[in-house]
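What follows is the residue order along each chain.
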Amino acid sequence: MLQAASRRIHASAGCGTAYCVAGDALTLPFRANAFELVVSTFGVMFAPGPVRAAAELARVCRPGGVFTVASWTPEGVAGRIAPTVLARLDRPGSSPPPMRWGDALWVRTWFAPLPADLHLSVRQVRVRYDSVKHAVRAFENKPGPLRAHRAALRAAGRWKQARAALIRPFGGGNEAGDGSLPLWIPYLLLTGGVRET
């Protein structure tokens, strides 16, 4: 993703000094108060320590600045994928579930001790896949945690069963008559303003 972003930056006119940096969401490689705007789109939700990740978002955003985070909700199709796969594993995941970032109660708890004012709203994004199988193929290859679960399930000889179960969250309620799969996927949009001290 960083390589793709770098290619787009170099191909775009007017990007100025934009560049990509690989870093850890729990220890961002930037000084405090570095940015006026901090954005995470379905990214920080996968960090293993949500309390620390929340603190880092606020730390690198300067007073008067804004941070915004988009995270899949547990109720939407994206939120039902991990539980479907984890049900086939002998052990649950060791980290807090990423979909907690899509739950306003958890998000408010993590940011409560920080000098930030929050606004939370549920939005939807529309995506379209050529078919249910196309959607399953796309999701099984994208999120890092799902790829790790897939490897564990393959080693246990259970991946085909788990993959077949993934069809249910995608296929339920599909009203397209042409075999395609249009989806409205809900996400929680967090917008936070760092208070002036």
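One can find the structure itself at the top, above this paragraph.
Bear in mind the structure is a predicted one, so any value in this text is a computation, not a measurement. (Residues numbered from 1 in each chain as written. Predicted model: local features only at pLDDT ≥ 70, side-chain atom pairs only at ≥ 80, totals over all residues. Heavy atoms only, no water.)

### Observations concerning the pairing of strand S1 (residues 35-41)
Note that S1 and strand S2 (residues 61-72) share 6 bridges and pair parallel. What sits directly across from Val39, in S2, is Thr68. The β-α-β motif built from S1, the intervening helix H2 (residues 50-60) and the parallel element S2 has right-handed crossover chirality. (Pairing = 2+ DSSP bridges. Helix = DSSP H or I, 4+ residues; strand = E, 2+ residues; numbered from the N terminus. Right-handed = clockwise from strand over helix to strand, strands pointing away.)

### As for the nonpolar core
Counting residues in each nonpolar core, the largest one holds 49 residues, and the members touching the most others are Phe67, Trp101, Val107, Phe111 and Phe170. Here this core gets 8 residues from one element, more than from any other, and that element is strand S4 (residues 181-194). Apart from residues no more than four positions distant in its own chain, Trp101 is found in contact with Val44, Met45, Pro50, Ala53, Ala54, Leu57, Val69, Ser71, Val107, Trp110, Phe111 and Leu188. (Core = buried A, V, L, I, M, F, W, Y, C linked by side-chain atoms within 4.5 Å. Buried < 20%, exposed > 50% of the residue type's maximum accessible area, 1.4 Å probe, protein only. Contact = heavy atoms within 4.5 Å.)

### Quick notes on the packing of aromatic side chains
Tallied over the full model, the rule gives 7 aromatic pairs. Seen from their ring centres, Phe67 and Phe111 are 5.3 Å apart, and the 15° between their planes marks the pair as stacked. A residue pair is termed long-range when its members are at least 10 positions apart, and Phe67 in strand S2 and Phe111 in helix H4 (residues 104-111) qualify at 44 residues. Judged by its relative accessible area of 0%, Phe67 is buried. With centroids separated by 6.1 Å and ring planes inclined at 35°, the aromatic side chains of Trp106 and Trp110 adopt a geometry described as tilted. One end of the pair is Trp106 and the other is Trp110, both in helix H4 and 4 residues apart, which spans about a single turn. The exposure class of Trp110 is buried, given its relative accessible area of 5%. (Phe/Tyr/Trp six-rings, centres within 6.5 Å; stacked < 30°, edge-to-face > 60°.)

### Here we look at the sheet that holds S2
Here we have 4 strands laid out as an open sheet, ordered S1-S2-S4-S3, and mixed in their pairing. Each edge of the open sheet is held by one strand with a lone partner, namely S1 and strand S3 (116-129). Pairs of neighbouring strands in the sheet enclose a mean axial angle of 15°, with direction left out of account. Note that S3 and S4 share 14 bridges and pair antiparallel. Note that in S4 the partner of Arg123 across the bridge is Tyr187. In the packing of H4 onto the sheet, the strands contacted are S2, S3 and S4, and the crossing angle to S3 comes to about 140°. On the sheet, helix H5 (residues 132-141) packs against S3 and S4 and is oriented at approximately 135° with respect to S3. (Axes fitted to C-alpha atoms, helices over the stretch in contact; angles between N-to-C directions.)

### Thoughts on H2
Within H2 the residues assigned to the buried category are Pro50, Ala53, Ala54, Glu56, Leu57, Ala58 and Val60. Tucked inside the fold, the buried residues of H2 contact S1, S2, H4 and S4.

### Details of the pattern of salt bridges
Counted according to the given criterion, the structure contains 5 salt bridges. If you follow the salt bridges from partner to partner, you end up with Arg52, Glu56 and Arg59 in one network. (Salt bridge = Lys/Arg side-chain N within 4 Å of Asp/Glu carboxyl O.)

### As for unusual backbone geometry
Phi at Asn33 takes a positive value of approximately 60°, unusual for a residue other than glycine. Positionally, Asn33 belongs in the loop between helix H1 (2-11) and S1. Relative accessible area serves as the criterion here: at 36%, Asn33 is assigned to the partly exposed category. Phi at Phe42 takes a positive value of approximately 55°, unusual for a residue other than glycine. Position of Phe42 relative to the elements: it lies in the loop between S1 and H2. When its relative accessible area of 23% is taken as the criterion, Phe42 is described as partly exposed.

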